[in-house]
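Fold and contact review
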Amino acid sequence: MSTAPKWQIVDFADITGTPCPCGTAKRAFAESEHSPGTIHLTEISEDAKTHYHQSQTETYFILECEPDAKIELDGDCIPIRPRMAILIPPGVRHRAIGRMTILNIVVPKFDPHDEHFDEA
């Protein structure tokens with residue numbers, strides 16, 4: 001019988017960043033059977049692309065951002081500041097405007113096939 005702990009600790013300094021529509025994401029807990037979602041430390045670049053998800057809900061927690069940073073949600077631009085949280089349900093077109101660092105909590109677990117872009 002295994003006595004391995006159910007808990008996990010992740011040091012984001014040990015995770016390699018992956019390019020994403022927003023910039024670069026370091027993703028944790030994708031392989032954990034005990035986690036219903038994933039958490040990403042994301043460095044958002046100024047050229048974030050508008051996208052949406054069909055089944056994933058994202059929650060952005062703003063750690064740091066430029067003074068004029070915004071989040072665009074279904075065409076509405078909302079000013080943001082550190083310590084704000086933004087719930088983004090499936091189907092909401094969204095993008096970050098300006099440089100920022102966020103924690104992104106994704107439920108269910110992140111699936112790269114659930115990143116969708118409108119045709120230009």
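Residues numbered from 1 in each chain as written. Predicted model: local features only at pLDDT ≥ 70, side-chain atom pairs only at ≥ 80, totals over all residues. Heavy atoms only, no water.

**Remarks on the overall build of the protein chain**
A tally of regular secondary structure across the protein chain gives zero helices and nine strands. Along the chain direction, N to C, the helices and strands of the protein chain fall in the order β-β-β-β-β-β-β-β-β. Taken over C-alpha atoms, the radius of gyration comes to 15 Å for the protein chain, in line with the 14 Å a tight globule of 120 residues would show. Considered along the principal axes of its C-alpha atoms, the protein chain spans approximately 55 × 30 × 20 Å. Put simply, the protein chain has 120 residues, and 36% of those count as buried. Counting contacts in the protein chain only where the partners sit at least 6 residues apart, residues at least 24 apart contribute 65% of the total. Total accessible area on the protein chain is roughly 7,500 Å²; 54% of this is exposed by carbon and sulfur atoms. When the 11 positive and 19 negative side-chain charges of the protein chain are each reduced to one mean point, those points stand 4 Å apart. (Helix = DSSP H or I, 4+ residues; strand = E, 2+ residues; numbered from the N terminus. Rg over C-alpha atoms; globule rule 2.2 N^0.38 Å. Buried < 20%, exposed > 50% of the residue type's maximum accessible area, 1.4 Å probe, protein only. Contact = heavy atoms within 4.5 Å. Areas by Shrake-Rupley, 256 points an atom, 1.4 Å probe, with all protein chains shown as cover. Lys, Arg positive; Asp, Glu negative; His and termini not counted. Charge placed at Lys NZ, Arg CZ, Asp CG, Glu CD.)

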